[in-house]
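Given next are the chains, with one letter for each unit.
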Amino acid sequence: MAEYKINAAHLYGDLMNTYGDFGNIVALRYYAQKIGVVVEQHIVSLEDDFDAEDYDFVLFGGGQDYEQMIVAEDLPKKAVALKAYIEDDGPFLGVCGGFQLIGQYFILADGTKVKGIGALSHYTLNQPDSRFIGNVTIKDEVNGLEYHGFENHQGRTFLGDNERPLGEIIKGNGNNGEDGGEGLVYKNAYGTYFHGPILTRNGNLALHMLQLILDRKYPQVDWQQKIATITPEFF
Ligand code: GLN
């Protein structure tokens with residue numbers, strides 16, 4: 001049995017996995033194994049229970065409007081547990097559709113309003129005849145790091161007062177094409193429109209996420225020192 005193990009939940013991984021968002025878990029596993037940590041992944045989908053106690057990391061990937069409508073019907077069953085997980089500093093990454101659905105609501109391209117989990121305060125409006133598509137570069141104002149990704153979304157997301165953007169736009173549209181922000185950070189919960197996937201392309205962010213996860217699960221170990229031995233990779 002491995003001494004240190006991360007249990008990752010891939011929420012609706014069979015429906016919400018645009019551009020291989022699952023690669024975010026692969027990236028965590030790639031770096032974790034270098035310091036002797038095992039990453040196990042479990043798909044938690046329609047009708048499955050989500051028990052926050054079972055997981056150390058949650059990935060909620062992107063999807064088309066159609067899949068998002070199906071997922072949204074199941075979300076109320078998991079909403080209380082997911083909200084509690086995030087409030088308890090649970091490491092979480094929501095990408096595109098998953099980022100939208102963890103918020104208050106999302107308006108589809110055709111104008112239909114879809115209720116989100118409401119775990120976080122952001123909300124997403126639509127743009128009926130247009131999409132934001134292309135490469136994005138942002139700067140994380142907290143640590144000065146740059147992240148690169150690819151966006152493809154019609155939704156325009158606006159953050160709540162208690163959320164900060166993951167980064168300021170250097171290139172691309174980001175959350176809404178208006179306020180210069182991309183993604184969100186609230187406690188240990190991250191949201192982003194970046195596919196690529198974000199943790200594969202941005203090794204610096206993957207190592208940061210790995211540290212958040214391990215510090216929370218095994219606080220007695222000096223993870224910062226161990227993670228400092230890993231060289232982050234960029235694509
Ligand atoms: N359906 C959503 C939108 O277009 C999310 C797309 C995605 O996850 N790539 O805004």
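Residues numbered from 1 in each chain as written. Predicted model: local features only at pLDDT ≥ 70, side-chain atom pairs only at ≥ 80, totals over all residues. Heavy atoms only, no water.

Test applied: UniProt positions are given in the numbering used here, feature names are shortened, and annotations may be inferred rather than shown by experiment.
Looking at an unreviewed UniProt entry, one finds the protein chain named Lipid II isoglutaminyl synthase (glutamine-hydrolyzing) subunit GatD and attributed to Weissella sagaensis. The UniProt entry for the protein chain carries the following text under Function (unreviewed entry): "The lipid II isoglutaminyl synthase complex catalyzes the formation of alpha-D-isoglutamine in the cell wall lipid II stem peptide. The GatD subunit catalyzes the hydrolysis of glutamine to glutamate and ammonia. The resulting ammonia molecule is channeled to the active site of MurT."

Notes on the UniProt feature "active site" (unreviewed entry) in the protein chain
Selection criterion: The helix and strand labels rest on DSSP assignments: H or I over at least four residues marks a helix, E over at least two residues marks a strand, and numbering proceeds from the N terminus. Here the term buried applies to any residue with accessible area under 20% of the maximum for its type, exposed to any over 50%, and partly exposed to those in between, with areas from a 1.4 Å probe on protein chains only. Two residues qualify as a contact provided that any one of their heavy atoms is within 4.5 Å of a heavy atom in the partner residue. Counted as a polar contact is a pair of N or O atoms within 3.5 Å, where, for protein atoms, one must be capable of donating a hydrogen and the other of accepting one, and residues adjacent in sequence contribute only when both atoms are in side chains.
Taken from the UniProt record, the annotation "active site" (unreviewed entry) applies to Cys96 and His195. Annotated residues spanning 100 residues; largest pairwise C-alpha distance 7.9 Å, indicating a single compact cluster. The residue Cys96 is located in the loop between strand 4 (92-95) and helix 4 (97-101) in this model. When its relative accessible area of 6% is taken as the criterion, Cys96 is described as buried. Leave out the neighbours within four places in its chain, and Cys96 touches Gly62, Asn152, His153, Thr192, Tyr193 and His195. Ignoring any residue separated from it by four or fewer positions in sequence, one finds His195 in contact with Thr18, Tyr19, Asp21, Gly62, Val95, Cys96, Gly149 and Phe150. Within the structure, the side chain of His195 is placed 3.5 Å from the backbone oxygen of Thr18, a separation counted as a polar contact.

Comments concerning the site of the ligand
Under the convention used in this document: Each residue is tested against the molecule or strand, and it is near if at least one of its non-hydrogen atoms lies within 4 Å. Each residue is assigned to one of three groups, with Ala, Val, Leu, Ile, Met, Phe, Trp, Tyr, Cys and Pro labelled nonpolar, Asp, Glu, Lys and Arg labelled charged, and all others, Gly among them, labelled polar.
The ligand sits among 16 residues. The nearest are Gly63, Asp65, Gln68, Cys96 and Gly155. Between the ligand and Gly63 there is a distance of 3.0 Å, counted from an oxygen atom to a backbone nitrogen or oxygen. Interatomic distance of 3.2 Å between a side-chain N/O atom of His195 and a nitrogen atom of the ligand. Contributing elements (two or more residues each) for the shell around the ligand: helix 2 (65-74), helix 4 and strand 9 (146-153). Across the shell around the ligand, the residue classes tally to two nonpolar, 12 polar and two charged.

Things to note about the pattern of salt bridges
Here is the rule we go by: Just to be clear on terms, a salt bridge is a Lys or Arg side-chain nitrogen sitting within 4 Å of an Asp or Glu carboxyl oxygen.
A full pass over the atoms with the stated rule returns nine salt bridges. Taking the shortest distance from any N to any O, the salt bridge between Arg216 and Asp88 comes out at 3.4 Å. Of this pair, Arg216 sits in helix 6 (residues 203-217) while Asp88 sits in the loop between helix 3 (76-87) and strand 4, placing them 128 residues apart in sequence. Taking relative accessible area as the criterion, Asp88 reaches 48% and is therefore assigned partly exposed.

Quick look at the UniProt feature "binding site: substrate" (unreviewed entry) in the protein chain
Here the UniProt-annotated "binding site: substrate" (unreviewed entry) positions come out as Arg131. Within the secondary structure layout, Arg131 lies in the loop between strand 7 (123-125) and strand 8 (132-139). Beyond its immediate stretch of four places on either side in the chain, Arg131 contacts Asn152, His153 and Gln154. One polar contact links Arg131 to Asn152, side chain to side chain, over a distance of 2.8 Å.

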